[in-house]
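Structural characterization, general
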Amino acid sequence: MFEPIHALFNNAALRKVLVRYRMVLGIALVALLFWQLGWRAENFWLAFTVSMAGEFIQLWCFASLDKNASLAFRGPYSLVRNPMYLGRYFIVLGLLLLLDHGRLPVIVGYTVIYWFYLVNRVKREEALLKEVFGQSYADYCSEVRPFLPRLTPCSNGSLAFWDKRLFRNCHGSRNLIGTLIVWALIAWLLFR
């Protein structure tokens, strides 16, 4: 039933275009939404909090992930296999909470689209990780769910983990600065 949708999300040519122009497309889409639907200043602090919670999850992922060099099972990866995508979901959800009219349909639409993106992206990534890490990745997958976090860290994981070197290598500070600039601009537009 959903095969055409999955095929669309796995179209290599489309993915290449979307990755190349993702910032421009994202900014244009958010600007269009706010221009058409308006914003609510009274939702600012809730929206900011949700977005920054997502940003913190993403930053914690940056400080816990040594991409393709070692299996990530510490920090947020000790609770869920794909925490970075969950963090990104909340970053954008926070922005959408600012919408005035039609907020619920936009959030539901965003959630459905993001789910298809997430499921297909993770499927491709997990195939690669199985090749790179073999049995140790299979063991990790048997203990840690892909999207729904555990209540306690996995057996060989540590929740309290933050590696400054990994954080710097993943450009976590640039990500945080970019997110804060977006929110400062929104605050300026709402409260000037």
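Read on for a plain summary of the structure. Everything numeric in this text was worked out from a predicted model, so none of it was measured.

A few words now on helix H4 (residues 44-62). Over its 19 residues, H4 runs 26 Å from end to end, which matches the ideal 27 Å to within 8%, given 1.5 Å per residue. Among the residues of H4, those classed as buried are Phe44, Ala47, Val50, Ser51, Met52, Gly54, Glu55, Gln58, Leu59, Trp60, Cys61 and Phe62. Those residues of H4 hidden inside the fold are in contact with helix H5 (83-96), helix H7 (164-169) and helix H8 (172-191).

Position of Lys123 among the secondary structure elements: in helix H6 (residues 103-143). Residue classification places Lys123 among the exposed residues on the basis of a relative accessible area of 62%. Sequence-wise, Lys123 and Trp60 are 63 residues apart; in three dimensions their C-alpha atoms are separated by 22 Å.

Applying the stated criterion across every chain yields a total of four salt bridges. In this structure, Glu42 and Arg40 form a salt bridge, with 2.7 Å as the shortest nitrogen-oxygen distance. The exposure class of Arg40 is partly exposed, given its relative accessible area of 26%. A salt bridge links Glu126 to Arg81, with the shortest nitrogen-to-oxygen separation between them at 2.8 Å. Taken together, the residues Glu126 in helix H6 and Arg81 in the loop between H4 and H5 connect sequence positions 45 residues apart. This pair shows no difference in class: Glu126 is buried, exactly as Arg81 is.

Notably, His171 is not glycine yet its phi reads approximately 60°, a positive angle. Relative to the helices and strands, His171 is located in the loop between H7 and H8.

What follows is about the nonpolar core. Leu96, Leu98, Trp183 and Ile186 are the most contacted members of the largest nonpolar core, which has 23 residues in total. Those elements that place two or more of their residues in this core are helix H3 (22-37), H4, H5, H6 and H8. Take this core: its biggest share by element is six residues, from H6. Each residue touching Trp183, except ones within four places of it in the same chain, is listed here: Phe44, Ala47, Phe48, Ser51, Met52, Gly94, Leu95 and Leu98. Within the second largest apolar cluster, 16 residues are counted, among which are Leu71, Tyr140, Cys141 and Val144.

Here is what the cut-offs are and how they apply
- Residues numbered from 1 in each chain as written.
- Predicted model: local features only at pLDDT ≥ 70, side-chain atom pairs only at ≥ 80, totals over all residues.
- Heavy atoms only, no water.
- Helix = DSSP H or I, 4+ residues; strand = E, 2+ residues; numbered from the N terminus.
- Expected span 1.5 Å × (residues − 1).
- Buried < 20%, exposed > 50% of the residue type's maximum accessible area, 1.4 Å probe, protein only.
- Contact = heavy atoms within 4.5 Å.
- Salt bridge = Lys/Arg side-chain N within 4 Å of Asp/Glu carboxyl O.
- Core = buried A, V, L, I, M, F, W, Y, C linked by side-chain atoms within 4.5 Å.

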